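# Fold and geometry: a report
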Amino acid sequence: MDRLEAFAKEENVPIMQKDGIEFLEDYIKKHNVKNILEIGTAIAYSAIRMASLDKNIKITTIERNEKMYNYALKNINQFGKQNQINIIFNDALEVDLDDKFDLIFIDAAKAQYINFFEKFKKNLKSDGVIISDNLDFHGLADNVENIESKNLRALMKKLNNYKNFLKENKEFNTEFYSIGDGISISKINQNG
Ligand code: SAH
Ligand code: MG
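Note that the structure is a prediction, hence the values are computed from the model and not measured. (Residues numbered from 1 in each chain as written. Chains lettered and ligands numbered in written order. Predicted model: local features only at pLDDT ≥ 70, side-chain atom pairs only at ≥ 80, totals over all residues. Heavy atoms only, no water.)

## Here we look at the pairing of strand E7 (residues 183-188)
So the rule is basically this: Pairing between strands is defined by DSSP: at least two bridges between them are needed. For helices the rule is a DSSP run of H or I covering at least 4 residues; for strands it is a run of E covering at least 2, with both sets numbered from the N terminus onward.
Two elements, strand E5 (residues 124-133) and E7, share five bridges in a ladder whose sense is antiparallel. Note on E7: the bridge partner recorded for Ile130 is Ser186. Here six bridges tie strand E6 (residues 172-177) to E7, and the two strands are oriented antiparallel to one another. Residue pairing in the sheet places Tyr177 in a bridge with Ile183 of E7.

And the structure:
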């Protein structure tokens, strides 16, 4: 794991932050999560950590970047997790799944978060949760007006749209946590 963390740092791969991944691991253990869908594999750091918690955990993870996909495959094999982690090489928005999951973890292109959420909510078990990462976006989220880059500003707006979408959503109740780079947990509203 240290090796993967060092590699991610060198190659600027945005893997989960330490307290963020620990928060996710605690959630998985506490709620006995067994079936996970992850959007955004990168080098499979988070997937391997989650799979290492219990041999009965099964993860489907989606990655569209070929270079990352190849790193991920190699790492999954090196850690001997091929039986637990199924990696799909495609854009998540092109992938249709029938399986139902206890946990859907969204950790990919921020501009697409609403689309990922809307697309994959049908794959959530009725007592499952959707967890999203990077909602604070390195602390920039509360400071959009001061951002110089136009692209970054547009991205931050999308991210804030996603947060509002979650806040106003009647189908799901969402809690926000200032942990790692900002994490949310959305549960199906059982009264809705
Ligand atoms: N979950 C990983 C980090 C993921 S980084 C960890 O914590 O270890 C985000 C990844 O999402 C990048 O590798 C990027 O290529 C991928 N990604 C972004 N948009 C995507 C999409 N639409 N479909 C699939 N993968 C996507
Ligand atoms: Mg992330």
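## Considerations on the coordination of the magnesium ion (ligand 2)
Four donors placed tetrahedrally about a metal ideally form angles of 109.5 degrees, and six donors placed octahedrally ideally form angles of 90 or 180 degrees. Convention followed: A 2.8 Å cut-off from the metal defines N, O and S donors, relaxed to 3.2 Å for Na, K and Ca; water is not in the atom list, so some sites may appear incomplete. With a 1.4 Å probe rolled over the protein chains alone, any residue whose accessible area is under 20% of its type maximum counts as buried; one over 50% counts as exposed, and the rest are partly exposed.
Taken together, the protein ligands of the magnesium ion (ligand 2) are Asp107 (OD), Asp133 (OD) and Asn134 (OD1), with distances of 2.0 to 2.1 Å. Each donor residue of the magnesium ion (ligand 2) belongs to the same chain, with the gaps between them written as D-x25-D-N. Residue Asp107 is found in the loop between strand E4 (101-106) and helix H5 (113-120), and its partner Asp133 is found in strand E5; the two are separated by 26 residues along the sequence. Grouping residues by exposure puts Asp107 and Asp133 together as buried.

## Some details on the packing of H5 against helix H6 (residues 150-168)
For any two helices packed against each other, one specifies the inter-axial angle together with the distance between the axes. The condition is simple: To define axes, lines are fitted to C-alpha atoms, for helices over the stretch in contact only, and angles between the resulting N-to-C directions are given on a 0 to 180 degree scale. Angle categories: roughly parallel below 35 degrees, roughly antiparallel above 145, roughly perpendicular from 65 to 115, and oblique for all the rest. Any pair of residues with heavy atoms lying within 4.5 Å of one another is described as a contacting pair. Ten residue types, Ala, Val, Leu, Ile, Met, Phe, Trp, Tyr, Cys and Pro, are classed as nonpolar, four, Asp, Glu, Lys and Arg, as charged, and the remainder, Gly among them, as polar.
For the pair H5 and H6, the least separation of the axes is 9 Å and the interaxial angle reads 40°. Viewed along their axes, H5 and H6 adopt a mutual orientation that is oblique. Where H5 approaches H6, its residues Tyr113, Ile114, Phe117 and Glu118 are matched on the opposing element by Leu159, Asn161, Tyr162, Phe165 and Leu166. Its residues placed into classes, the contact of H5 with H6 shows seven nonpolar, one polar and one charged.

## Comments concerning the side chain of Asn123
For clarity, the threshold we go by: Whenever two N or O atoms come within 3.5 Å, that pair is a polar contact, provided that in protein one can donate a hydrogen and the other can accept it, and provided that, for residues adjacent in sequence, both atoms are side-chain atoms.
In this fold, Asn123 is placed in the loop between H5 and E5. Residue Asn123 is classed as buried on the basis of its relative accessible area, which comes to 1%. A polar atom in the side chain of Asn123 sits 3.3 Å from the side chain of Lys122. The residues touching Asn123, leaving out its near neighbours within four places in the chain, are Leu97, Asp98, Asp99, Lys100, Phe101 and Ile104.

## Description of the sheet that holds E7
Sheets are built from strands that pair by backbone hydrogen bonding, the pairs being arranged parallel or antiparallel. Spatial strand order, E3-E2-E1-E4-E5-E7-E6: seven strands in an open sheet with mixed pairing. Two strands close off the open sheet at either side, each with one partner strand: strand E3 (85-89) and E6. Adjacent strand axes in the sheet meet at a mean angle of 15° when their direction is disregarded. Across five bridges, strand E2 (residues 58-63) lies against E3 in parallel orientation. Paired with Ile62 across the bridge in E3 is Ile88. Together, E4, E5, E6 and E7 form the strand contacts of H6, whose direction differs from that of E6 by roughly 130°.

## Here's the deal with the environment of Asp91
Within the secondary structure, Asp91 sits in the loop between E3 and E4. Through-space distance from the C-alpha of Asp91 to that of Lys55 is 27 Å; in sequence the pair is 36 residues apart. If near-sequence neighbours (up to four positions away) are discounted, Asp91 is found in contact with Ile62 and Arg64. A distance of 3.5 Å separates the side chain of Asp91 from the side chain of Arg64, its partner in a polar contact. For Asp91, the side chain forms a polar contact with the main-chain nitrogen of Leu93, separated by 2.9 Å.

## Regarding helix H2 (residues 18-30)
Where we set the bar: Every helix has an expected span of 1.5 Å times one less than the residues it contains.
End to end, H2 covers 18 Å across 13 residues, agreeing with the expected 18 Å (1.5 Å per residue, within 8%). Inspection of H2 places Gly20, Ile21, Phe23, Leu24, Glu25, Tyr27 and Ile28 among the buried residues, and these make up the whole buried set. Along its buried surface, H2 packs onto strand E1 (35-39), helix H3 (45-51), E4, E5, E6 and E7. After H2 finishes, the residue Asn32 shows a positive phi value of roughly 55°.

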